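Observations on the three-dimensional arrangement
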Amino acid sequence: MKALMSLGALIGVAGLLLLGGMIFDVVPSTTVRLVEGYMPIQLLLEVACYVIGFTGLSYMMNAMGMALPRFWQGIGFWIFLMVYLKYRVYPPIPFSVRAMYGTVGLVTVFMWVSANEEDWKKFKQPIMNVLDAQTGINRLLRYVYLVLIPILIGGFSFNAMMPKSEEPIELRTVHPAPPASTKVHGKTYTLQTSQNPYRVNPEGKYDQEFSNANIVEQGMGRLMKPNANPWDEKNQGYLKYVREGGEIFFQNCHFCHGDNLNGRGLHAFAFNPIPANFTDPGTIAQLQETFIFWRVSKGGIGLPNEGFPWASVMPPWEQHLTVDEIWKVVLFEYWHTGYYPRTWD
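Reading guide: rules and limits
- Residues numbered from 1 in each chain as written.
- Predicted model: local features only at pLDDT ≥ 70, side-chain atom pairs only at ≥ 80, totals over all residues.
- Heavy atoms only, no water.
- Helix = DSSP H or I, 4+ residues; strand = E, 2+ residues; numbered from the N terminus.
- Rg over C-alpha atoms; globule rule 2.2 N^0.38 Å.
- Contact = heavy atoms within 4.5 Å.
- Areas by Shrake-Rupley, 256 points an atom, 1.4 Å probe, with all protein chains shown as cover.
- Lys, Arg positive; Asp, Glu negative; His and termini not counted.
- Charge placed at Lys NZ, Arg CZ, Asp CG, Glu CD.
- Pairing = 2+ DSSP bridges.
- Expected span 1.5 Å × (residues − 1).
- Buried < 20%, exposed > 50% of the residue type's maximum accessible area, 1.4 Å probe, protein only.
- Salt bridge = Lys/Arg side-chain N within 4 Å of Asp/Glu carboxyl O.
- Axes fitted to C-alpha atoms, helices over the stretch in contact; angles between N-to-C directions.
- Parallel < 35°, antiparallel > 145°, perpendicular 65-115°, else oblique.
- Nonpolar A, V, L, I, M, F, W, Y, C, P; charged D, E, K, R; others polar.
- Polar contact = N/O pair within 3.5 Å; in protein donor to acceptor, adjacent residues only side chain to side chain.

**Let's talk about the overall build of the protein chain**
Helix and strand counts for the protein chain come out as 11 helices and two strands. Along the protein chain, from the amino end to the carboxyl end, the secondary structure elements read α-α-α-α-α-α-β-β-α-α-α-α-α. Over its C-alpha trace the protein chain gives a radius of gyration of 26 Å, far above what one expects of a compact globule, namely 20 Å for 345 residues. Dimensions of the protein chain, computed from C-alpha atoms along their principal axes, come out at roughly 80 × 55 × 40 Å. Within the protein chain, counting contacts between residues at least 6 apart in sequence, those at least 24 apart form 61% of the total. On the protein chain, roughly 20,900 Å² of surface is accessible, and the fraction owed to carbon and sulfur atoms is 64%. Averaged over its 27 positive side-chain charges, the protein chain has a centre that lies 8 Å from the centre of its 27 negative ones.

**Thoughts on the pairing of strand β2 (residues 187-190)**
Here four bridges tie strand β1 (residues 181-184) to β2, and the two strands are oriented antiparallel to one another. Residue pairing for β2: Lys183 is matched across the bridge by Thr188. A loop of two residues connects β1 with β2, the two strands running antiparallel in sequence, and His185 in this loop sits at a positive phi of about 50°.

**So, helix α8 (residues 238-252)**
Helical geometry: 3.6 residues make up each α-helical turn, so side chains three or four residues apart lie on a common side. Look at α8: 21 Å from first C-alpha to last across 15 residues, which is about the 21 Å you get at 1.5 Å a residue. For α8, the complete set of buried residues consists of Tyr238, Leu239, Val242, Arg243, Glu244, Gly245, Gly246, Ile248, Phe249 and Asn252. Residues of α8 that are buried in the fold lie against α7 (208-213), α9 (254-257) and α11 (323-337).

**Let's talk about the pattern of salt bridges**
Here the structure, examined in full by the defined rule, presents seven salt bridges. As a salt-bridge pair, Lys328 and Glu244 come within 2.6 Å of each other at their nearest N and O atoms. One end of the pair, Lys328, is in helix α11; the other, Glu244, is in helix α8, with 84 residues separating them in the sequence. For the pair shown, Lys328 and Glu244 are each scored as buried. We note a salt bridge from Glu318 to Lys298, for which the minimum N-O separation is 3.0 Å. Taken together, the positions of Glu318 in the loop between α10 (289-298) and α11 and Lys298 in helix α10 put the pair 20 residues apart, joining distant regions of the chain. Like Lys298, Glu318 is buried.

**Focus: the packing of α8 against α11**
Running from amino to carboxyl end, α8 crosses α11 at an angle of 100°, the nearest separation of the two axes being 7 Å. Relative to α11, the element α8 is oriented roughly perpendicular. Where α8 abuts α11, its residues Tyr238, Leu239, Tyr241, Val242, Glu244, Gly245, Gly246, Ile248, Phe249 and Phe250 lie against Glu325, Lys328, Val329, Leu331, Phe332, Glu333 and Trp335. Class assignment for the residues of the contact of α8 with α11 results in 11 nonpolar, two polar and four charged.

**Side note on unusual backbone geometry**
Look at Ala133: it is not a glycine, yet its phi comes out positive at around 55°. Position of Ala133 among the secondary structure elements: in the loop between α5 (117-132) and α6 (136-161). Positive phi values are uncommon outside glycine, yet Leu261 reaches one of about 65°. In this fold, Leu261 is placed in the loop between α9 and α10.

**A word on the side chain of Ser297**
With respect to the helices and strands, Ser297 occurs in helix α10. The class for Ser297 is buried, based on a relative accessible area of 0%. Only 2.7 Å separates the side chain of Ser297 from the backbone oxygen of Phe293, close enough to count as a polar contact.

So yeah, pure geometry; function would need other evidence.
Here you go:
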C-alpha cells in the first residue's frame, strides 16, 4: 500500500511540475500534446492521474506527520481543477463553460469530503472554529468574513447589473458599427479599403468575382459546383486557401458555431445569446468581409458599448491565430454558407 501511494505521490509531483512548466513556458507547451479526436478521453485520463497524485501526496504527508487539513485539500483540488481547465484545454474554454465545469467539480469535491462522517467532521472543522470564535484569531476572521462577503457579493452584483453604456439596455445592437480601422498583430487595417488577400484567381491576383464564382451553390445539401471542391489536395490558390480555412475552423471554431456553421455547436447552448448562425441570411451575408475579420480578431471583449449587456463570449482569436489564418477562416465561412460578402461597390 505504501509503495502504491508513494508511486501516486511521484505521479502527482511530476504532473504538477510539468503542468506548471507548460503554463509558465519553462518547458514547451507542446511537451504533452492534446491528440485531436481523443481530447475528451485524454483530459479525463489526465485528471484521473492527478487525482491519484493528490491522493498519494496526501497519504505521504500524513505519514510524515504533516497532514494537510481536509478542508484545504478540497479547496486546493478545486482551485487546481479551475487552473487546469483554463490553461490546459485548447482552444480556450469560455468562462461560462468553465463555470459549469467548476460547479460540477465543486459538487464532486463536496461528495468526496462528505463520503463518511469522519471525513465530513474534518472538512467542516475549520468552518466551525471560525463560527464558534473561541480564539482571538477566529473571532477576527468571523468579523472579516461577515463584512467582506456581503461587500464582495454586492460589488459583483452591482457590476453585473449596471448598464455599461449610456443607452437603455433594450437598444442593444446585434451588429454594432465597426471602427474605422483595427490593429491586429501590430498592423493597422482600414476596414473600408482592406481586402481578403486570399480571394485570388489562378494568376494569384485579387479577384472577388473569381472567388464568388467558386462559392458552393445553396440548395438541398448545398450542392458543390463542378471543379470547386476545396478538399481536393491538388487544388491551388483560392480553393486551397478555403480548405486551409476549413481545417482551422474545425480545429478551433466548430465547438461553438457547429459543424454546419449554424450556431449549434457542442458548447452553443451554454451561452446567452447562443453563437452566431452563419447560415442565416441576416448574418455574414449582410456584412463586409472586413467586419468579420474585425469581429473574429477582437472577439467579445472588442465589442463597443452598444454591443452589450449581452456580450459575445467569443475569445479574441488574434491571441491564438495569425492574421493569415483569420482571413482563411473568414474565406471558408463564406464558401461553406454559399453567401457572397458585401462590398462597398
